[in-house]
Amino acid sequence: MDLLQEKQRRKRLASLPFPEKIKIVERLRRVSDAAGKSGLRKRNIVKLSRSE
Amino acid sequence: MASVDHVQGKTTVKTTLDMINRMQADGVIGKYAIGGAVGVIFYLEAFYTEDLDIFVILPTAPGSSVMSLSPIHEYLKVQGCKVDGERIVIGDWPVQFLLPQGALEQAALDEAVKTDYEGIPTYVLSAEHLVAIALKTGRAKDYARIAMFLDQDAVNMEKLNSILFQHGLDSKWERFKSKFSEE
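Every chain begins its residue count from 1, and numbering advances along the sequence as written. Just so you know, chain letters begin at A and ligand numbers begin at 1, following the order they were written in. For a predicted model such as this one, the threshold for reporting local features is a pLDDT of at least 70, and the threshold for listing and counting side-chain atom pairs is 80 or more; totals across whole chains, interfaces and linings nevertheless cover every residue.

J.: Before we move on, could you go through the overall build of chain A and cite the residues and values that matter?
T.: Starting at the N terminus, helices and strands are each numbered in turn, a helix being any DSSP run of H or I of at least four residues and a strand any DSSP run of E of at least two. The helix and strand inventory of chain A stands at three helices and zero strands. Overall, chain A shows an N-to-C arrangement of helices and strands of α-α-α. A burial count over chain A gives 12% of its 52 residues as buried. Working definition of burial: number of other C-beta atoms within 10 Å of the residue's own, with buried at 20 or more, exposed at 12 or fewer, and partly exposed in between, all C-beta atoms being placed from the backbone.

J.: Describe the interface of chain B and chain A, with residues and values.
T.: What counts as a contact here is a pair of residues whose C-beta atoms, placed from the backbone, lie within 7 Å. Every contact between the two is made by 17 residues of chain B and, on the other side, 18 residues of chain A. Of all the secondary-structure elements, those providing two or more residues to the side of chain B that touches chain A are α2 (36-43) and β6 (113-117) of chain B. Tallying contributions element by element places α2 of chain B first for the side of chain B that touches chain A, with three residues. Gly is placed with the polar residues, together with every amino acid not listed as nonpolar (Ala, Val, Leu, Ile, Met, Phe, Trp, Tyr, Cys and Pro) or charged (Asp, Glu, Lys and Arg). For the side of chain B that touches chain A, the residue count by class is 10 nonpolar, four polar and three charged.

J.: Tell me about the domain arrangement of chain B, residues and numbers included.
T.: All names here are of chain B. Residue ranges assigned to each domain were obtained from an automatic or database domain assignment. Per the domain assignment, the segments making up chain B are domain 1 (4-125) and domain 2 (128-182). In this assembly, 11 residues from domain 1 lie in contact with 11 residues from domain 2. Elements represented by at least two residues in the side of domain 1 that touches domain 2 include exactly α2 and α4 (103-110). Per element, the largest residue contribution to the side of domain 1 that touches domain 2 is four residues, and it comes from α4. Each residue belonging to the side of domain 1 that touches domain 2 can be placed in one class, and the counts come to seven nonpolar, two polar and two charged.

J.: Account for the nonpolar core, with residues named and values stated.
T.: Residues and elements named next belong to chain B. In this description, a nonpolar core means buried residues of the types Ala, Val, Leu, Ile, Met, Phe, Trp, Tyr and Cys, linked to one another by C-beta atoms lying within 7 Å. Ala33, Ile34, Ile41, Ile54, Val131 and Ala132 are the most contacted members of the largest nonpolar core, which has 57 residues in total. If one sorts the elements of this core by residue count, helix α5 (residues 127-137) sits on top with seven residues. Beyond its immediate chain neighbours, meaning those up to four positions away, Ala33 contacts Phe55, Leu109, Ala112, Tyr123, Val124 and Leu125.

J.: Describe helix α1 (residues 13-25) of chain B, naming the residues involved and giving the relevant values.
T.: Residue and element names in this part refer to chain B. Any helix carries an expected span of 1.5 Å times its number of residues minus one. When the terminal C-alpha atoms of α1 are compared, their 18 Å separation across 13 residues agrees well with the 18 Å that a helix rising 1.5 Å per residue should span. The complete set of buried residues in α1 reads Val13, Thr15, Thr16, Leu17, Asp18, Met19, Ile20 and Met23. A positive backbone phi angle near 80° is found at Gly27, which sits one or two residues after α1.

J.: Could you give an account of helix α1 (residues 3-14) of chain A, naming the residues involved and the relevant values?
T.: Counted at 1.5 Å a residue, the expected span for α1 of chain A with its 12 residues is 16 Å, and the 16 Å between its end C-alpha atoms agrees. Counting buried positions over the 12 residues of α1 of chain A gives zero, only a small fraction of the element.

J.: Just give me the short version of the pairing of strand β5 (residues 93-98) of chain B, but keep the residues and values in it.
T.: All names here are of chain B. Strand pairing is assigned whenever DSSP identifies at least 2 bridges connecting the two strands. Pairing of strand β2 (residues 52-56) with β5, which is carried by four bridges, proceeds in the parallel orientation. Counterpart to Ile54 in the pairing with β5 is Phe97. With three bridges joining them, strand β4 (residues 87-90) and β5 adopt antiparallel strand pairing. Paired with Ile88 across the two strands is Val95, which belongs to β5. Joining the antiparallel neighbours β4 and β5 is a turn of two residues, in which Gly91 adopts a positive phi near 65°.

Now the structure itself:
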């Protein structure tokens, strides 16, 4: 994915309604909680966040 | 009045905002607005964050200048919320209440944007004030957030420049911009 495509992808995600974006955050937080229990590292959660 | 502990473990930020609005209606807090990462997410793409930052003005008794978060914590503890260090967990969200540290944060609260979260009215700091506060705070993650705003053309530069000049942040901004353009 080139820089322009990446920028467009981010703009598209930014244009989602606020509640939709918060639902993504809440999913990430649940993954983080589960990862904490299973020993996954926080760095992997950040990777997941970027792939949302 | 329902406390939040009935629904703890399966609540959304809606529950959290509803409780903050109730606290405002009960006179425990004055004006408030969402800042920090969740404030940034209002304007940009979603990313992982642990907590919700709420900038808040406390009502003060005439002649009193004492500012303490104790009334907020006491109110929320009665509602079943648990204190977690500097944060208090409302529903499923750890919330950090932040008092204005100066004129910038005060102005940011005065000019907060009214919005609606699934029927719950709330306020979010403007994109330009979020950037100015991030610049003032100056941690690595704050600079990363500023870079996101700039990269996505999500700030009104004229308004931002005016805020930065007004609060003496223009030289810090120039230093940030020269560093940002190198990377």
